[in-house]
Amino acid sequence: MSSDWLLKGRSDEDYSTDETTSYEESEPPGQTIDSISRSLQRFDWPDYVVFVLMLLICIVIGIFFGYKDHQKHKHRRKQARRESEALDYLVGGRKMQIFPVSVSLVASWISGISLLGTSTEIYVYGTQYCYIVFAVIMMGFVMHHVFLPVFHELQVTSAYEYLQRRFDHRMRMFGSILFTVACLLWMPIVIYVPALAFNQVTGMSIHIVTPIVCMICVFYTSIGGLKAVVWTDVIQSGVTLLALLAVLIKGTYDVGGPAEVVQRNIAGGRLEAPIFDPDPTLRHSIWIILLGAPVWFCYGVSCSQDMIQRFLALPTLEDARKALKGFVIGWIVVNVIFFLIGMLVYATYYRCDPLTTQLARAKDQLLPLFVMETFAAYPGMTGVFVAGIFSAALSSLSSALNALSAITLEDFFKPYCKKPLTEKQINYIMRGSVLVYGALSVLLSILVEHLGTVMQLTMTLSSASGAPLFGLFVMGILMPWVNGTGALYGGVTGLLVMLYMCYKAQYSIASGSRSFDTKPVSVEDCPYDYERNATMGLTEDDSELGQLEKSIYHMSYMYFTLFGTSVTCLTGTVVSLLTKLCGSDRDQPIDPKLLAPCIRRIQPRDIPLTFQSVPTDNKQAEASEAALKRTEDG
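Procedures and definitions
Residues numbered from 1 in each chain as written. Predicted model: local features only at pLDDT ≥ 70, side-chain atom pairs only at ≥ 80, totals over all residues. Heavy atoms only, no water. Helix = DSSP H or I, 4+ residues; strand = E, 2+ residues; numbered from the N terminus. Buried < 20%, exposed > 50% of the residue type's maximum accessible area, 1.4 Å probe, protein only. Contact = heavy atoms within 4.5 Å. Areas by Shrake-Rupley, 256 points an atom, 1.4 Å probe, with all protein chains shown as cover. Axes fitted to C-alpha atoms, helices over the stretch in contact; angles between N-to-C directions. Parallel < 35°, antiparallel > 145°, perpendicular 65-115°, else oblique. Nonpolar A, V, L, I, M, F, W, Y, C, P; charged D, E, K, R; others polar. Salt bridge = Lys/Arg side-chain N within 4 Å of Asp/Glu carboxyl O. Phe/Tyr/Trp six-rings, centres within 6.5 Å; stacked < 30°, edge-to-face > 60°. Core = buried A, V, L, I, M, F, W, Y, C linked by side-chain atoms within 4.5 Å. Disulfide = S-S within 2.5 Å.

A. Up close: the overall build of the protein. Each helix and strand counted, the protein has 26 helices and 0 strands in total. Classification of the 634 residues of the protein by burial places 59% in the buried group. Taking as baseline every contact in the protein between residues at least 6 positions apart, the subset at least 24 positions apart corresponds to 85%. Of the accessible surface of the protein, which amounts to about 26000 Å², a share of 64% is contributed by carbon and sulfur atoms.

Next comes the structure, spelled out in structure tokens:
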């Protein structure tokens, strides 16, 4: 098969004539799709041993840290015990070490969605997505200089406590609800992805696997708290990295070496230079990646409770910045491996596309299929890979559950309790919320399989509540002229706009009215029988669907967070100015610690910088006043 044929693609007529004839002449009737699928489902006892061992390690770590914290708090006074137990459970006593936190940050972000979704992205759409590493570097710069100094100086447990200090209690509740909604939209996808891989290698229904995985995660998260989550992340990251390297090395050797992988990807149009077309409806271009993706990453790291909670578990700002550098470097290393695996999968199937032949029934089953074929003769290796996917998923899921536990206690209960919560009540709230959110995730995961590829689905749905949430923090930290009323109206407007946008975007994909340009594929040398259909070999842009008129919700999914954040901030600014002009809201003094360091230096004089935050207790008030006095003296 020539490279020209690969680069140009083929028509319906090509597939219905010459290729069919050559296939029938060269390949006698042999194996069918069903027989091959059954033969590849080899999850023998060594695989089960590896898989179950990984789950047992997670459980043991949860029990260990749960028992250790219980012994630590057993003999303390009741009031001190109540406060320190919640602190240990939610932020590790603020005494965590840099290395495990850095690994945990990477593990929380690199879920099974990334593991399967990135390789699928490269296979189906090419390597344009690889340039996203520049977006991560930009995010790291913004986090280092803008967001981390603010959060670490305030020493909050819930990131949304910031919104109360900067605006009012309404904004704290609004932000907490937005994050909770974002997590509830995201967690079902995290659970679904490893269940999909497990289904591919064992044939077991995803609706059986999903509750089992979730129950184990709920158990060790509720027992051990953040320490258990972080240290299971370290173990799980090791398993995931081992699985990825094994897949990459063995697969590259089977194909014929790195040079052969690169050559086949060039011939197939996968390896490509940056696209400089400014069209916002493209799936990826360099402009989309440099403008849209950094905002999405900033939202995911700067105002997500699960990420901020880890930074706040470190004792100093300098430690947090080191952990941030470790996160950026670790993310890039792991994703480079993902990119290479995606190219490797295409190099393996470049003459027989398993999606066209339906050997892989979903795009996100490509990598599990490749692993099963690559390690068919190596007992236990498929188990390592599946354990790696589940490890990535469990680390992300446990992080989200622990973060939701913190939100529930700190934002939904404590501010509205007239009396201090008892030790038993705190334990019930922290651990019970983990159980409730885990059960909700299992129920919602049933819907995921009907909503498209996981990579795009995740970024689109997270933008629905994530964009207005990020807008609230941007207005608080970088826009001192925005008041509480403006922030509230901005957040509500951004949420409504993004819910409509994301609904229209996902509906258009699910109904088939929205398509993306896919790379050409071939079924020229398939060694098995499969059922042909009329559209076989067509890329999505060849169909009539690709010619439909584009609307604003057809913009790239990477622009969604930028768009929603812009709507939120613009509305917040306009409403704030209107309330001030009407005299209904006077300028309120702002604690300098609530603003980014760069804004503190250029703060206009007409908005005073004096202490006005809303502390949650007397100790925080005294600490804030002392810090302000030191600043003024300096």
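B. Looking closely at the packing of helix 13 (residues 258-267) against helix 17 (residues 317-349). In contact at an axis separation of 9 Å, helix 13 and helix 17 are set at 75° when each is read in the N-to-C sense. In this view, helix 13 runs roughly perpendicular relative to helix 17, as classed from their interaxial angle. Contacts between helix 13 and helix 17 pair Val261, Arg264 and Asn265 from the former with Met343, Leu344, Tyr346 and Ala347 from the latter. By residue class, the composition of the contact of helix 13 with helix 17 is 5 nonpolar, 1 polar and 1 charged.

C. Region of the structure containing the pattern of salt bridges. Under the counting rule described, the total for this entry stands at 11 salt bridges. One salt bridge connects Glu153 with Arg600, and the closest N-O pair in it is separated by 3.5 Å. Of this pair, Glu153 sits in helix 9 (residues 133-154) while Arg600 is found in helix 25 (residues 597-602), placing the two residues 447 residues apart along the sequence. By relative accessible area, Arg600 is classed as partly exposed at 23%. Across the salt bridge formed by Asp168 and Arg170, the nearest N and O atoms sit 2.8 Å from each other. A residue is classified by how much of its surface remains accessible, and Asp168, at 17% relative accessible area, is buried. Linked through salt bridges whose partners overlap, the residues forming this network are Arg351, Glu524 and Asp525.

D. Local environment of the packing of aromatic side chains. In the structure shown here, the tally under the stated rule is 16 aromatic pairs. Ring geometry for Trp109 against Phe327: centres 6.2 Å apart, planes inclined by 65°, an arrangement best described as edge-to-face. Here Trp109, found in helix 7 (residues 98-109), pairs with Phe327, found in helix 17; they are 218 residues apart in sequence, far enough to count as distant. The class for Trp109 is buried, based on a relative accessible area of 13%. Take Phe327: its relative accessible area is 1%, and that puts it in the buried class.

E. Just the nonpolar core, in detail. If you look at the biggest cluster of nonpolar residues, it comprises 169 residues, and the most contacted ones within it are Ile132, Phe297, Phe311 and Phe327. Examining the composition of this core, we find that 19 residues originate from one element, helix 11 (residues 169-202), more than from any other. Leu409, Ile426, Ile429 and Met430 belong to the second-largest nonpolar core, a separate cluster that totals 5 residues.

F. Inspection of the state of the cysteines at higher detail. In the structure shown here, the tally under the stated rule is 1 disulfide. The disulfide bridge from Cys352 ends at Cys526, spanning 2.0 Å between sulfur atoms. Given an S-S torsion of about 110°, the disulfide between Cys352 and Cys526 has right-handed geometry. Separated by 174 residues along the polypeptide, Cys352 in the loop between helix 17 and helix 18 (354-357) and Cys526 in the loop between helix 23 (484-511) and helix 24 (560-581) bring together distant segments of the chain. Cys526 gets classed as buried once you look at its relative accessible area, which sits at 0%. There is no disulfide at Cys303, and the cysteine sulfur nearest it, in Cys298, is 9.1 Å away. A relative accessible area of 0% means that Cys303 is categorised as buried.

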